[in-house]
Amino acid sequence: MIVIGCDHGGYELKEEIAAYLKENNVEYKDFGIYSEKSVDYPDIAIKVCGEIVKGNAEKGILICGTGIGMSMAANKIKGIRCALCGDVYSAKMTRLHNDSNVLALGGRVLGKGLGIEIADAWLNTEFSGEERHINRINKVMSIE
Ligand code: RB5
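As the structure is a computational prediction, the values presented were derived from the model and not from experiment.

Asker: Would you mind showing me how to read the site of the ligand here?
Answerer: Every residue near the ligand is listed here: Asp7, His8, Tyr41, Cys64, Gly65, Thr66, Gly69 and Arg108. A distance of 2.6 Å is found between an oxygen atom of the ligand and a side-chain nitrogen or oxygen belonging to aspartate 7. Here an oxygen atom of the ligand and a side-chain polar atom of arginine 108 are 3.4 Å apart. Relative to its unbound accessible surface of 290 Å², the ligand loses 71% to contact with the protein. The residue makeup of the shell around the ligand, split by class, is two nonpolar, four polar and two charged.

Asker: Teacher, can you tell me more about the pairing of strand S5 (residues 102–106) here?
Answerer: Taken residue by residue, a regular strand's side chains alternate between the two faces of the sheet. With five of five residues buried, S5 lies mostly within the body of the structure. The pairing of strand S3 (residues 59–64) with S5 spans five bridges and is classified as parallel. Each residue of the ladder has a partner; that of glycine 60, found in S5, is valine 102. Pairing analysis gives three bridges linking strand S4 (residues 82–84) to S5, with the strands arranged parallel. Looking at the pairing, alanine 83 lines up with leucine 103 of S5. Taking the sense of rotation as the criterion, the β-α-β connection linking S4, helix H4 (residues 88–98) and S5 turns out right-handed.

Analysis parameters
- Residues numbered from 1 in each chain as written.
- Predicted model: local features only at pLDDT ≥ 70, side-chain atom pairs only at ≥ 80, totals over all residues.
- Heavy atoms only, no water.
- Near = heavy atom within 4 Å.
- Polar contact = N/O pair within 3.5 Å; in protein donor to acceptor, adjacent residues only side chain to side chain.
- Areas by Shrake-Rupley, 256 points an atom, 1.4 Å probe, with all protein chains shown as cover.
- Nonpolar A, V, L, I, M, F, W, Y, C, P; charged D, E, K, R; others polar.
- Buried < 20%, exposed > 50% of the residue type's maximum accessible area, 1.4 Å probe, protein only.
- Helix = DSSP H or I, 4+ residues; strand = E, 2+ residues; numbered from the N terminus.
- Pairing = 2+ DSSP bridges.
- Right-handed = clockwise from strand over helix to strand, strands pointing away.

This is how it looks when you write it as structure tokens:
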């Protein structure tokens, strides 16, 4: 299960990501927002990340104008490793090396084509499982 959410700055790209997930038969739940009405991005990040922390979803995608606010909020939540990506290479590498469980995207930064390509690469790359990366992730996750 993939959970997605956005603020007003990410609404357009979130709708495109939702359509991509549907077309590819990926099970997802959309936590909104459902229009361009202004909201506070931390409220959405908390909802989406909460589903991952509770074990109701495996991964999440958060979209705001730049992706920065969403990634800052998500990374404050224990158990979340959120990667803000603006290119396909980083999206692949953060799955392989960081086992990121949330992807943040900038809806006002990326065009539809690139946004979907980044999400596709991120969703379809598995964590390498290599010991050195597990050790590094454990160190990151133990930071209070
Ligand atoms: C909203 O105007 C904008 O600040 C938000 O979408 C995001 O870019 C924050 O980081």
